[in-house]
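Architecture and fold: a report
Here is how the chains run, residue by residue.
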Amino acid sequence: NKQVILKDYVSGFPKESDMYIKTSGSTINLKLPQGSSGILVKNLFLSCDPYLRLRMRKIEDTDELFQSFNPGSPLSGYGVAKVLDSGHPDFKQGDLVWGIVGWEEYSLITQPTTLFKIHHNDHVPLSYYTGILGMPGMTAYAGFYEVCSPKKGEYVFISAASGAVGQLVGQFAKLMGCYVVGSAGSKEKVDLLKKNLGFDEAFNYKEEQDLNAALKRYFPKGIDIYFENVGGKMLDAVILNMRVHGRIAVCGMVSQYNLQEPEGVHNLMSIVYKRVRIQGFVVFDYYHLYDKFLDLVLPYIRQGKISYVEDISQGLESAPAALVGLFSGHNVGKQVVRLTTS
Ligand code: NDP
C-alpha cells in the first residue's frame, strides 16, 4: 500500500518535500477479517483542497474546526473509492463511494460518518465526486443559495473564481439572473471565466495595483453579494464597495493559510454604514441537503447548462505537488489526483 506521509508540521508555504511517499513491503489483504465492521476501499481519486494546509499545522486550540494531521502518518481528505469488502451494513463490495479516505492506495474506513454512496455516474465522470458533485459542489450550493440569499439582477463578486468552488458559484449566480464578476490569478483563468463559464466579467487581481479601483470599474453601483474565498487585501477592498444590505458569505480565506500572522482588515466600519451581513459557513452543516443539491445540479450538467473544469494529475506520487500547487494558483479548475481507473 503506497501512502502520502506528512513529514512534520508545516509553517509558511507548504512544499512537496513536506510530504513523502511510503511503500509498505507487505502485500495488502483485500479481505477483511471475519466480524470486522469496517469498510475496505480502493481509492480511485483524491481531492486537493485548501483546508488540508490548515491540518498540516500544529493545532492546539480545541475550538478549531479541524484536527492536525499526525507527522509520520498519511494525510486524509476527500476522495472517490470502490468498496472491496465491507462488514458495515450500509456498504457492500462493488459500491462506489465518495467521502473521507486516506491519501493512499487502499484505506480501511472504520467510521464512515462522511462517506456517501454514488448512485449516479452515467454521463458524469467519477472524478466529479471530488468536485462539482462532492464537497466543493455542496459548498458552492450551500454558500450561494443558503447563505447569500440571492435575488435576480443582483451584483455578485467571487474571488478565486475559477477554482473548485468559485466556478460553480458563478454559474449558479448566472442561472439566477445575476451580474457576475470573478477574480483569478492568470490570464488563462480570466479567459476561462469569461469565455467558457459565462461570467459577465473577470479580472486578474495580480495585475491590479489598486483593488478598490478595479472593483469600482466592474461594479460602479457596488456589490450586493461577495462570495469570499481569499480574504486579506481583497476582502478589505470589497467591504468598501458593498451596497447597502449587501451580503458576504465567508467560505474561506486561502491567502491567509500560509501566513504566521493574518493580514489586517481596515475597512470594517463600512460594514456598519452599509448594514452588510457577513456570515461564515461550513459545508458539513449542509450535507443533509445533498440529495436536493443533486436534484438541482445533475440535470444542469446533463443539459449542458453547467460545465466544470478539472485539473487532473496522474498517480499518487503526483499528489504532494498537486496539493502544494493550490497555493501558487497552479491549478486551473478543480485539482484532482487520479490513482487508477479500475
Ligand atoms: P481552488 O480550486 O480555488 O484552489 C485554490 C485557489 O486559490 C488557487 O488556484 C489560487 O487561484 C487561489 N489562491 C491561492 N493563493 C492565493 C492568494 N494568496 N491570494 C488569492 N488567491 C489565492 O480552491 P477551492 O475552490 O477548493 O476553495 C476555495 C475556498 O473555499 C478556499 O478558501 C477554501 O478553504 C474554501 N472552502 C471552504 C469550505 C467551507 O465549508 N467553508 C469548503 C470548501 C472550500 P488564483 O490563480 O486565482 O490565485
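Bear in mind the structure is a predicted one, so any value in this text is a computation, not a measurement. (Residues numbered from 1 in each chain as written. Predicted model: local features only at pLDDT ≥ 70, side-chain atom pairs only at ≥ 80, totals over all residues.)

**Some details on the UniProt feature "domain: Enoyl reductase (ER)" (unreviewed entry) in the protein chain**
Here is the rule we go by: UniProt positions are given in the numbering used here, feature names are shortened, and annotations may be inferred rather than shown by experiment. Runs of H or I in DSSP of at least four residues are treated as helices and runs of E of at least two as strands, each being numbered from the N terminus.
UniProt's feature table lists "domain: Enoyl reductase (ER)" (unreviewed entry) at residues 39–337, given in the numbering used throughout. End C-alpha atoms of residues 39–337 are separated by 22 Å, and the span's content is 27% helix alongside 25% strand.

**So, the site of the ligand**
Here is the rule we go by: Residues are counted as near a molecule or strand when the C-beta atom, derived from backbone positions, lies within 6 Å of that molecule or strand. Under the scheme applied, nonpolar residues are Ala, Val, Leu, Ile, Met, Phe, Trp, Tyr, Cys and Pro; charged residues are Asp, Glu, Lys and Arg; polar residues are all the others, including Gly. Start and end positions for the domains come from either an automated domain assignment or a database one.
Taken together, 31 residues lie around the ligand, and Gly-163, Gly-185, Gly-252, Ser-255 and Gly-329 are the ones closest in. Looking at the shell around the ligand, the elements with two or more residues in it are helix H2 (135–147) and strand S15 (334–338). Of the residues belonging to the shell around the ligand, the class tally is 16 nonpolar, 12 polar and 3 charged. Two domains each put at least three residues into the shell around the ligand: domain 1 (2–131 + 309–338) and domain 2 (135–284).

**Considering helix H4 (residues 187–196)**
To keep things clear, this is the line we draw: The burial criterion counts other C-beta atoms lying within 10 Å of a residue's C-beta, which is placed from the backbone; the residue is buried at 20 or more, exposed at 12 or fewer, and partly exposed between these limits. Relevant arc is that of directions from the helix axis to the C-beta atoms, nothing else. Contact definition: two residues whose C-beta atoms, as placed from backbone geometry, lie within 7 Å.
When H4 is considered as a whole, its buried residues turn out to be Lys-189, Val-190, Leu-192 and Leu-193. Down the axis of H4, the buried side of the element spans an arc of 160 degrees, and every buried residue falls inside it. Across H4 from its buried face, at more than 90 degrees, point the exposed residues Lys-187, Glu-188 and Lys-195. Against the buried residues of H4 lie helix H3 (166–175), strand S9 (179–184) and strand S10 (201–204). Remark: Gly-198 follows H4 within two positions and exhibits a positive phi of approximately 80 degrees.

**Some points on the sheet that holds S9**
Quick note on the threshold: Note on pairing: DSSP must find at least two bridges between two strands before they are called paired. Between the N-to-C directions of two axes lies an angle of 0 to 180 degrees, each axis being a line fitted to C-alpha atoms and, for a helix, fitted only over the stretch in contact.
Strand order in the open sheet formed by 6 strands is S10-S9-S8-S11-S12-S13, and the pairing between neighbours is parallel. Of all strands in the sheet, those with a lone pairing partner are S10 and strand S13 (277–280), marking the two edges. When strand polarity is set aside, the average angle formed by the axes of neighbouring strands in this sheet is 15 degrees. Pairing analysis gives 3 bridges linking strand S8 (residues 155–158) to strand S11 (residues 223–228), with the strands arranged parallel. Following the sheet pairing, Phe-157 is matched in S11 by Tyr-226. Relative to the sheet, helix H6 (residues 232–240) contacts S8, S9, S11 and strand S12 (242–250), its axis offset from that of S11 by approximately 165 degrees.

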